[in-house]
Amino acid sequence: MKIYMGEDYKGMSRKAANIISAQIILKPDCVLGLATGSTPIGTYDQLVNWYEKGDLDFSKVVTINLDEYKGLSGDNDQSYRYFMNKHLFDRINIYKENTYVPNGLEADSKKACQEYNDIITKCGGIDMQLLGLGHNGHIGFNEPGGAFEKETHCVNLTKSTIEANKRFFEKEEDVPRQAYTMGIKSIMQAKKILVVVSGEDKADIVKEAFTGPVTPEVPASVLQLHNDVTLVGDRAALSKML
Ligand code: F6R
């Protein structure tokens, strides 16, 4: 595993964006696996900045996002599709039809997940998967549990996730109870993996995930078995790795 450190959030974001840029420049029609959450926002801002300067071209890039809430449409400002449009897709020259996010409006979970697995296969797999890291070690919506879930599946959100997310909604009842997420196998099949972490509150889980035992109780620990993982963090998040 390669580890790169930025002094702060901005420095970390710049390093992560550099790695993604290199991927796009080396393979203009690459398939990028993308994530939402607060950590990658600075990375997306930096990519947009380089695009605006004429240094990056997204016209042949295909993106496949990790997850989406079940029941939310792309117009809902809490949906992950909305997040991606706002932070990245609406700001660069990517073709929207080349951007994939699980279909939150598909009520039939089996169908939604099968369709998403088929999309990943049809795109020829993922060249580089960007991941954030949850405080409990989750990646995508793959929460700690007794086994690694393999492909795209529907998850019941835990009480703590619903609790954490309710601040974004008017009422707690509006918080989705389920989500579609890529599975561990889909993530592990990406050719390269780029994990971004920021903040002191991530230091313990970064250490546990990347130096502790490989266990479904810490889903990100499985990344230790991948042969091309790059971890990019700020000094605070990497403090226990140094
Ligand atoms: C986002 C996702 C999540 C986040 C994780 C970290 O698509 O799947 O696993 O990456 O919850 O979130 P932040 O970056 O907000 O700490």
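Not measured: the values here are computed from a predicted model.

Undergrad: What exactly am I supposed to notice about the overall build of the protein here?
TA: Regarding its fold elements, the protein presents seven helices and 10 strands. Taking the principal axes of its C-alpha atoms as reference, the protein extends roughly 40 × 40 × 35 Å. Going through the 242 residues of the protein one by one, you find that 55% of them count as buried. Considering only intrachain contacts with a sequence separation of at least 6, the fraction spanning at least 24 residues in the protein is 79%. With an accessible surface of roughly 11,300 Å², the protein has 49% of that area assigned to carbon and sulfur atoms.

Undergrad: Before we go on, may I ask you to explain the pattern of salt bridges in this structure?
TA: When the charged atoms of two side chains with opposite charge come close together, those side chains can pair. Enumeration over the complete set of coordinates arrives at 13 salt bridges. Note that Asp174 is salt-bridged to Lys171, the shortest N-O span being 3.6 Å. When its relative accessible area of 32% is taken as the criterion, Asp174 is described as partly exposed. For Lys171, a relative accessible area of 41% puts it in the partly exposed group. Across the pair Lys240 and Asp204 runs a salt bridge, and its minimum N-O distance is 2.7 Å.

Undergrad: Just checking my understanding: could you explain the site of the ligand for this structure?
TA: Around the ligand, 14 residues are found, and the nearest of them are Thr39, Asp67, His138, Gly140 and Lys202. Ser38 places a main-chain nitrogen or oxygen 2.8 Å from an oxygen atom of the ligand.

Undergrad: Please explain the packing of helix H2 (residues 41-52) against helix H3 (residues 80-87) as it appears in this structure.
TA: Packed helix pairs are specified by the crossing angle of their axes together with the interaxial distance, meaning the distance between the axes. Where H2 contacts H3, the two axes come as close as 10 Å, and the packing angle between them is 40°. Considered as vectors, H2 and H3 are oriented oblique to each other. Here H2 contributes Ile41, Tyr44 and Val48 to the contact with H3, which in turn contributes Phe83, Met84 and His87. Looking at side-chain class alone, the contact of H2 with H3 contains five nonpolar, one polar and no charged residues.

Undergrad: Would you take a moment to explain the side chain of Ser198 for this structure?
TA: Among the structural elements, Ser198 can be located in the loop between strand S9 (192-197) and helix H7 (203-211). A distance of 2.7 Å separates polar atoms of two side chains, one belonging to Ser198 and the other to Asp234. With residues up to four places along the chain from it excluded, the contact list for Ser198 reads Tyr9, Met12, Thr39, Asp234 and Ala237.

Undergrad: What should I look at first to understand the pairing of strand S7 (residues 153-156) in this one?
TA: Along any regular strand the residues' side chains alternate between the sheet's two faces. Of the two faces of S7, only the one carrying His153 and Val155 is buried; Cys154 and Asn156 on the other face are not. As judged from the four bridges shared by S7 and strand S8 (residues 178-181), these two strands associate in the antiparallel manner. The residue of S8 that forms the bridge with His153 is Thr181.

Undergrad: What exactly am I supposed to notice about the environment of Gly137 here?
TA: Here Gly137 shows up in the loop between strand S6 (128-131) and S7. Beyond its immediate sequence surroundings of up to four residues, Gly137 is in contact with Ile205, Val218, Pro219 and Ala220.

Undergrad: Mind showing me how you'd approach the nonpolar core here?
TA: In globular proteins that are soluble, nonpolar side chains generally tend to be buried together. Counting 35 residues, the largest nonpolar core has Ile64, Val195, Phe210 and Leu223 as the members making the most contacts within it. Within the residue set of this core, elements represented by two or more residues are strand S3 (62-65), helix H4 (109-122), helix H6 (184-188), S9, H7 and strand S10 (229-234). By residue number, the principal contributor to this core is H7, which donates four residues. Setting aside chain neighbours within four positions, we find Leu223 in contact with Leu131, Ile139, Ile187, Met188, Ile193, Val195, Phe210 and Val229. Of all hydrophobic cores here, the second largest spans 26 residues; its members include Leu32, Trp50, Phe83 and Met84.

Rules used in this analysis
- Residues numbered from 1 in each chain as written.
- Predicted model: local features only at pLDDT ≥ 70, side-chain atom pairs only at ≥ 80, totals over all residues.
- Heavy atoms only, no water.
- Helix = DSSP H or I, 4+ residues; strand = E, 2+ residues; numbered from the N terminus.
- Buried < 20%, exposed > 50% of the residue type's maximum accessible area, 1.4 Å probe, protein only.
- Contact = heavy atoms within 4.5 Å.
- Areas by Shrake-Rupley, 256 points an atom, 1.4 Å probe, with all protein chains shown as cover.
- Salt bridge = Lys/Arg side-chain N within 4 Å of Asp/Glu carboxyl O.
- Near = heavy atom within 4 Å.
- Polar contact = N/O pair within 3.5 Å; in protein donor to acceptor, adjacent residues only side chain to side chain.
- Axes fitted to C-alpha atoms, helices over the stretch in contact; angles between N-to-C directions.
- Parallel < 35°, antiparallel > 145°, perpendicular 65-115°, else oblique.
- Nonpolar A, V, L, I, M, F, W, Y, C, P; charged D, E, K, R; others polar.
- Pairing = 2+ DSSP bridges.
- Core = buried A, V, L, I, M, F, W, Y, C linked by side-chain atoms within 4.5 Å.

Distances and angles like these do not, on their own, reveal function.
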